[in-house]
Amino acid sequence: MVAHLLRLKWRLLLNGFRRSPLQLIGMGLGLLYALGMLSLLIGGLIALRWADAGIAHTVVVLGGAAAILGWGIIPLVASAADMTLDPARFSSYAIPPRHLLAGLALAGFIGIPGLATLLAALGTVGTWSRSFPAAVGALIGALLGALTCIVLSKVVTTATAGLASSRRFKDVSSIIVFIPLVLLGPIMMGIVEGIRGSGDYLQALARSVSWTPLGAAWSLGGDLEAGNFAAAGLKAVVALSTIALLLWCWHVLLQRALVTPPYSGGSAKKGGKLGLFGVLPGTPAGAVAARALVYWLKDPRYAGSLVVIPLLPVIFFFSGSQTGSYGMLMILGPLTAFMMAWSISADVSYDNTAFALHLASGVRGVDDRLGRALACLVISLPVVLVFTIGPIAVTGDWIWLPNLLGLAVGTLFTGLGLSSVISARYNVAVPLPGDSPFKKPPGNVAQTLAVQGVGMLVLTVLLLPELALVLVQVIAGGPEAGWINLAVGPLLGIALFTTGVRLGGRWLDVRGPELFAQLSVNR
């Protein structure tokens with residue numbers, strides 16, 4: 001049965017190459033890229049043979065621990081994980097769990113990720129080919145480490161099989177995996193600085209990690225090279241115990257998956273609870289605001305478009321720590337206001353065909369515009385205030401608080417007014433309901449870029465009075481311009497907000513059916 005599962009996985013892998021020519025070319029290019037990266041990695045591990053033993057031990061242990069962590073974390077955030085031999089597919093077959101366990105574990109090495117991990121692990125044999133005991137220890141450690149990666153991945157995928165079938169889990173995981181990409185610069189700089197100035201710390205960290213399940217297998221070659229035979233024996237026990245524990249957990253989860261496969265249907269919900277509709281005023285604008293707030297809280301497309309905002313303080317603070325000046329933190333509040341206000345410029349486009357509810361119920365355009373803007377304001381105003389006052393508390397430049405506060409509040413209200421006009425007049429390409437927040441949307445991309453670009457330019461022009469008062473304080477240095485901006489920003493912003501809501505509502509009343517027709521075409 002184990003051999004049959006291996007043949008099945010091999011056949012599935014070969015069938016992946018029987019696709020259209022363009023898909024085959026894309027797979028070939030991806031395979032060449034993977035081979036190139038793998039060659040560089042193996043070459044680097046072999047080159048460590050002539051490096052200091054302590055440095056080689058640190059690199060191998062920490063790199064191996066990172067690989068195990070990656071195999072455990074990626075299945076949680078990657079909705080496109082390899083499920084060709086999903087245990088749920090075998091629920092109708094009377095296959096003994098131990099045979100299925102062994103077959104699925106070995107089949108994990110048939111594929112680019114598993115094979116690449118195994119080859120990279122075997123590259124550590126070249127690192128410790130300094131002596132026969134070290135090479136044998138590295139070989140045993142490589143096999144144990146690679147097997148740990150595969151089994152840990154299977155444990156995670158089997159345990160989260162029910163979550164993986166949930167659209168909410170897939171949407172949230174796609175947002176979570178985007179966060180390290182946004183913080184990739186600070187992360188890489190931190191690692192480089194740590195390696196540059198804390199070599200001793202990294203070696204001490206590697207020695208500690210080598211006694212854990214993450215690094216025990218990868219440290220066998222280094223310990224045998226250093227003559228620490230007792231330590232190598234104990235770490236081999238740790239590595240074997242880790243695999244045994246993971247196999248036991250996988251066996252329990254596998255039996256449960258075979259008996260009760262994950263169910264992806266909807267669950268029944270009790271009615272009678274109005275939620276936000278029972279909290280906000282019972283007016284047309286209040287109902288629209290409640291509906292929009294539900295979108296903000298539950299639609300991952302909104303969170304996906306604004307995922308960078310909570311990360312802005314981290315990015316700016318890290319940039320300031322590198323340069324020694326935290327002046328960039330001062331623009332955090334106005335920048336957040338700009339982004340939050342512009343986020344509803346495609347609000348109707350996000351509705352897609354659900355916009356028919358607004359037309360069929362006869363909601364006035366001004367109520368529609370006001371409700372959507374108030375929903376965004378409920379979320380964005382506290383964030384803008386915190387992001388404006390917080391950086392000033394860090395820098396201690398309280399003289400700038402009135403000016404920046406006036407600019408931030410003015411930007412928020414002015415942007416909401418302009419966005420109320422833009423979303424009522426133009427339809428832009430956004431991800432469809434149910435799609436990934438980061439999926440490339442269909443539609444006229446050129447028109448979308450033009451609307452977004454011109455709209456942001458117009459918003460900048462509307463903010464010229466507040467920006468001019470900031471410039472006056474920069475040149476003059478006194479606080480007078482700041483106090484003026486504290487009054488001008490909110491007053492001008494509220495006036496433009498009111499104008500934008502009324503104008504956008506008038507346009508929505510006139511061309512609501514045409515806008516809905518455009519939304520239906522893009523579906």
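Right above here is the structure, for reference.
Residues numbered from 1 in each chain as written. Predicted model: local features only at pLDDT ≥ 70, side-chain atom pairs only at ≥ 80, totals over all residues. Heavy atoms only, no water.

Chemist: Help me understand the overall build of the protein chain in this model?
Modeler: For the protein chain, the helix and strand inventory stands at 23 helices and zero strands. With 523 residues in all, the protein chain has 42% of them scored as buried. Counting only contacts in the protein chain whose residues sit at least 6 apart along the sequence, the fraction spanning at least 24 positions is 80%. In the form shown here, the protein chain has an accessible surface area of approximately 26400 Å², with 72% of it arising from carbon and sulfur atoms. (Helix = DSSP H or I, 4+ residues; strand = E, 2+ residues; numbered from the N terminus. Buried < 20%, exposed > 50% of the residue type's maximum accessible area, 1.4 Å probe, protein only. Contact = heavy atoms within 4.5 Å. Areas by Shrake-Rupley, 256 points an atom, 1.4 Å probe, with all protein chains shown as cover.)

Chemist: Quick question: what am I supposed to make of the pattern of salt bridges here?
Modeler: A side chain of one charge can pair with a side chain of the opposite charge when the charged atoms of the two come close. Enumeration over the complete set of coordinates arrives at five salt bridges. The residue Asp368 makes a salt bridge to Arg369 at a minimum N-O spacing of 2.7 Å. Asp368 gets classed as buried once you look at its relative accessible area, which sits at 1%. By relative accessible area, Arg369 is classed as buried at 1%. Shared partners join several salt bridges into a network, and the residues in it are Asp347, Asp368, Arg369 and Arg372. (Salt bridge = Lys/Arg side-chain N within 4 Å of Asp/Glu carboxyl O.)

Chemist: Would you take a moment to explain the packing of helix 20 (residues 401-425) against helix 22 (residues 464-476) for this structure?
Modeler: Angle between the axes and distance between the axes are the two parameters that describe a pair of packed helices. Packing of helix 20 against helix 22 leaves a shortest axis separation of 9 Å and a crossing angle of 165°. Here helix 22 runs roughly antiparallel to helix 20, going by the angle between their axes. The way helix 20 lies across helix 22 gives a crossing that is left-handed. The segment helix 20 lies against helix 22, with Asn403, Leu407, Gly410 and Thr414 engaging Glu466, Leu467, Leu469, Val470 and Gln473. (Axes fitted to C-alpha atoms, helices over the stretch in contact; angles between N-to-C directions. Parallel < 35°, antiparallel > 145°, perpendicular 65-115°, else oblique. Left-handed = near helix turned anticlockwise from the far one by under 90°.)

Chemist: Help me understand the packing of aromatic side chains, please; the structure alone is not making it clear to me.
Modeler: Counting across every chain of the model gives one aromatic pair. A ring pair is formed by Phe413 and Phe497, whose centres lie 5.7 Å apart and whose planes are at 90°; its orientation type is edge-to-face. Of this pair, Phe413 sits in helix 20 while Phe497 sits in helix 23 (residues 480-521), and the two are 84 residues apart along the sequence. Here the basic side chain of Lys235 rests over the ring of Trp211, its NZ or CZ set 4.7 Å away from the ring centre. The cationic tip of Arg425 hangs over the ring face of Trp507; the distance from NZ or CZ to the ring centre is 5.8 Å. (Phe/Tyr/Trp six-rings, centres within 6.5 Å; stacked < 30°, edge-to-face > 60°. Lys NZ or Arg CZ within 6 Å of the ring centre and 35° of its normal.)

Chemist: Which parts of the structure should I look at to understand a nonpolar patch on the surface?
Modeler: Nonpolar side chains collect at one region of the surface, where Leu115, Leu119, Leu122, Leu139 and Leu143 lie side by side and expose about 390 Å² of accessible area between them. Those elements giving two or more residues to the nonpolar patch turn out to be helix 5 (112-127) and helix 6 (132-159). When residues in the nonpolar patch are grouped by element, the largest group, three residues, is from helix 5. When you line up the elements, Leu119 lands in helix 5. (Patch = residues over 30% accessible without salt bridge, like charges linked within 9 Å, V, L, I, M, F, W, Y side chains within 5 Å.)

Chemist: Please clarify how the side chain of Thr148 should be interpreted in this entry.
Modeler: Residue placement: Thr148 occurs in helix 6. Sequence-distant contacts of Thr148, defined by excluding residues within four places in its chain, comprise Ile68, Thr242, Ile243 and Leu246.

Chemist: Whenever I open this one, the packing of helix 5 against helix 6 confuses me. Can you help?
Modeler: Between helix 5 and helix 6, the least distance of the axes is 8 Å, while the angle of their chain directions is 160°. Regarding the angle of helix 5 to helix 6, the classification is roughly antiparallel. As helix 5 packs across helix 6, the resulting crossing turns out to be right-handed. Here Gly114, Thr117, Leu118, Ala121, Leu122, Thr124 and Val125 of helix 5 lie close against helix 6, whose contacting residues are Ala135, Ala138, Leu139, Ala142, Leu143, Ala146, Cys149 and Ile150. In terms of residue class, the contact of helix 5 with helix 6 is made up of twelve nonpolar, three polar and no charged. (Nonpolar A, V, L, I, M, F, W, Y, C, P; charged D, E, K, R; others polar.)

Function cannot be read off these values alone, since they describe shape.
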